[in-house]
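# Breakdown of the fold
As a plain string of letters, each chain reads:
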Amino acid sequence: MKSGSFSEYKIFTGNAHPLLAEEIASIMGKPVGKCEVAQFSDGEISLNLWESVRGVDVYIVQSTCDPVNDNLMELLIMIDAMKRASAGRINAVIPYYGYARQDRKAKARDPITSKLVANLIVAAGADRVVTMDLHANQIQGYFDIPVDHLVGMPILAKYFKEKNLEDVVVVSPDHGSVTRARNMAELLDCPIAIVDKRRPEPNKSEIMNIIGNIDGKNCIILDDMIDTAGTICNAAAAIKNLGAKDVYACATHAVLSGPAVERLDKSVIKEVVLLDTIPIADDQMIDKFKTLSVAPLFAEAMTRIFTNGSVSKLFV
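The notes below deal with the structure included here. (Residues numbered from 1 in each chain as written. Predicted model: local features only at pLDDT ≥ 70, side-chain atom pairs only at ≥ 80, totals over all residues. Heavy atoms only, no water.)

A separate point is the overall build of the chain. What the chain contains, in helices and strands, is eight helices and 14 strands. Along the first, second and third principal axes, the C-alpha set of the chain runs to 60 × 40 × 35 Å. Carbon and sulfur atoms make up 48% of the accessible area of the chain, which totals about 14,600 Å². In the chain, the 34 positive side-chain charges and the 40 negative ones have mean positions that sit 4 Å from each other. (Helix = DSSP H or I, 4+ residues; strand = E, 2+ residues; numbered from the N terminus. Areas by Shrake-Rupley, 256 points an atom, 1.4 Å probe, with all protein chains shown as cover. Lys, Arg positive; Asp, Glu negative; His and termini not counted. Charge placed at Lys NZ, Arg CZ, Asp CG, Glu CD.)

Below is the structure:
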């Protein structure tokens, strides 16, 4: 792992989320680096790096979102290209870290894909990873390089604080999100509730019980991601049936696969607030969606990394 001061930094992006990279670069007062990421006719990733990165502190902004495998390979190939071009330091900025849900062996013969992807990123030549709201915090330990793990919840909390809602309860959609919900509740100075659910199979959930008082309350369901939206829509329906006033949902990562958009559109949820770690296609946008930018937070983190400042101060 390289350390020390660099006289210059450059920002590059693949095809995963170029608009986010451009917004980050604009805030930092830099243009996005000249780089073309395309494909050969058989689907292999083709990369052309059109400017020198020798001795430069390089930041590659690339979420590993849908198409996950293409975007992951783009990231790995870009890291390899930077390493072979003698970049001073290579920072993989991954707003959404895919393959994170298989973070342990839940049953016999399961893979641990989040560790496998971490190994690939390190082997490719990355010196540091900057990411946001990993599906499980322990994934930070799967890397043998520094990881700056940013938190999107304060951005969501600020938005809801400015709405001046009364009688608010932050709802955790499962036991795994309780800490995240408690932290948001502290910022909003309100209580929490917990949805007790079971998952009979992947991407399916069943609500068993609600822990906490949600009767007559404005409920904000908080999760790290919305994938097929089954969990969050079932939770919303359950708390609405038990007397909740209005139900809001918010999440860092808008995966929105399969029937997610249709489910959210037809659900009892009044508003869905999402961060833009993953681009949302125009045909997926509905009136209920509100997107907030993570670019200022990533730009500040990257500036602090370049200047050897404290990234932990961003969490205070």
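What follows deals with helix α5 (residues 178-188). Within α5, burial applies to V178, R180, A181, M184, A185 and L188. Here the buried residues of α5 occupy an arc of 160° about the axis, which is enough to place them on one side. Phi turns positive one or two residues past the end of α5, at D189, with a value near 55°. (Buried < 20%, exposed > 50% of the residue type's maximum accessible area, 1.4 Å probe, protein only. Arc of directions from axis to C-beta.)

With that settled, the discussion passes to the packing of aromatic side chains. According to the stated counting rule, one finds five aromatic pairs in the structure shown. On the basis of an interplanar angle of 80° and a centroid distance of 5.4 Å, the ring pair of Y159 and F160 is categorised as edge-to-face. What makes F160 buried here is its relative accessible area of 3%. (Phe/Tyr/Trp six-rings, centres within 6.5 Å; stacked < 30°, edge-to-face > 60°.)

Okay, helix α8 (residues 295-306) next. In this model α8 runs 16 Å from its N-terminal to its C-terminal C-alpha over twelve residues, within 8% of the 16 Å that 1.5 Å per residue would give. Along α8, the residues classified as buried are A295, L297, F298, A299, A301, M302, I305 and F306. Following α8 by one or two positions, N308 has its phi on the positive side, about 60°. (Expected span 1.5 Å × (residues − 1).)

On to the pattern of salt bridges, then. Once the charged atoms of two side chains with opposite charge are near each other, the side chains can pair. Inspection of the entire model under this criterion finds twelve salt bridges. Note that D80 is salt-bridged to R84, the shortest N-O span being 2.8 Å. With D80 and R84 both in helix α2 (residues 68-84) and four residues apart, the pair spans about one turn of that helix. On the basis of relative accessibility, which here comes to 25%, the residue D80 falls in the partly exposed class. A salt bridge links K163 to E271; the nearest nitrogen and oxygen atoms lie 3.2 Å apart. Taken as a pair, K163 in helix α4 (residues 153-163) and E271 in strand β13 (residues 271-275) lie far apart in primary sequence, 108 residues in all. (Salt bridge = Lys/Arg side-chain N within 4 Å of Asp/Glu carboxyl O.)

Let us look at the packing of helix α1 (residues 18-27) against α8. Two numbers describe how α1 lies on α8: the axes approach to 9 Å, and their chain directions differ by 55°. Considered as vectors, α1 and α8 are oriented oblique to each other. As α1 packs across α8, the resulting crossing turns out to be right-handed. Contacts between α1 and α8 pair L20, E23, I24 and I27 from the former with A295, P296, F298, A299 and M302 from the latter. For the contact of α1 with α8, a count of residues per class yields eight nonpolar, no polar and one charged. (Axes fitted to C-alpha atoms, helices over the stretch in contact; angles between N-to-C directions. Parallel < 35°, antiparallel > 145°, perpendicular 65-115°, else oblique. Left-handed = near helix turned anticlockwise from the far one by under 90°. Contact = heavy atoms within 4.5 Å. Nonpolar A, V, L, I, M, F, W, Y, C, P; charged D, E, K, R; others polar.)

The next point concerns the nonpolar core. Judged by nonpolar contacts, the single largest core of 43 residues is most densely connected at I24, F160, M184, L188, F298 and M302. Excluding anything up to four places from it in sequence, M302 contacts I11, I24, M28, Y59, V61 and V93. Listed in part, the 32 residues of the second largest apolar core include A92, I94, V129 and I145. (Core = buried A, V, L, I, M, F, W, Y, C linked by side-chain atoms within 4.5 Å.)

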